[in-house]
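Remarks on the overall topology
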Amino acid sequence: MKVAIVGLHQSGKTTVFNAITGSHAATGEYFHKSSEKDANMSVVKVSDERLDNVYELLKPPKKVNASIEYTDVAG
């Protein structure tokens with residue numbers, strides 16, 4: 001799944017991005033012209049104990065957790 005965090009300048013998008021992903025992206029002076037092209041991106045694996053239970057029960061050769069790709073778009 002891919003999710004983009006969009007909003008107005010200085011509205012807290014990067015702070016929310018950092019909280020969700022555990023990243024340490026720079027906040028504050030992010031609105032410079034050079035940074036409008038660069039978006040922060042991070043992939044977070046979703047742990048699910050139901051998947052773990054099914055994996056232990058069926059013993060498949062491979063276990064793949066769901067992942068979410070977050071993109072912090074400049075305002």
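Residues numbered from 1 in each chain as written. Predicted model: local features only at pLDDT ≥ 70, side-chain atom pairs only at ≥ 80, totals over all residues. Heavy atoms only, no water.

Another point: helix 1 (residues 13-21). Among all positions in helix 1, only Lys13, Thr14, Phe17, Asn18 and Thr21 are buried. One face of helix 1 carries all of its buried residues, which in axial projection span an arc of 135°. Exposed positions of helix 1 whose direction lies more than 90 degrees from the buried face are Thr15 and Ala19. (Buried < 20%, exposed > 50% of the residue type's maximum accessible area, 1.4 Å probe, protein only. Helix = DSSP H or I, 4+ residues; strand = E, 2+ residues; numbered from the N terminus. Arc of directions from axis to C-beta.)

Mapped onto the fold, Val43 is located in strand 2 (residues 40-46). It is 8.9 Å that separates the C-alpha atoms of Val43 and Lys2, two residues lying 41 residues apart in sequence. Excluding anything up to four places from it in sequence, Val43 contacts Ser67, Ile68 and Glu69. (Contact = heavy atoms within 4.5 Å.)

Further remarks concern the pattern of salt bridges. Applying the stated criterion to the full structure yields three salt bridges. The salt bridge partner of Arg50 is Asp48, with a shortest N-O separation of 2.9 Å. Among the residues examined, Asp48 registers a relative accessible area of 27% and is labelled partly exposed. With a shortest N-O distance of 2.7 Å, Asp52 and Lys63 are connected by a salt bridge. Taken together, the residues span a long stretch of sequence, with Asp52 in helix 2 (residues 49-58) and Lys63 in the loop between helix 2 and strand 3 (66-72) at a distance of 11 residues. Judged by relative accessible area, Asp52 falls into the partly exposed class, the value being 30%. (Salt bridge = Lys/Arg side-chain N within 4 Å of Asp/Glu carboxyl O.)

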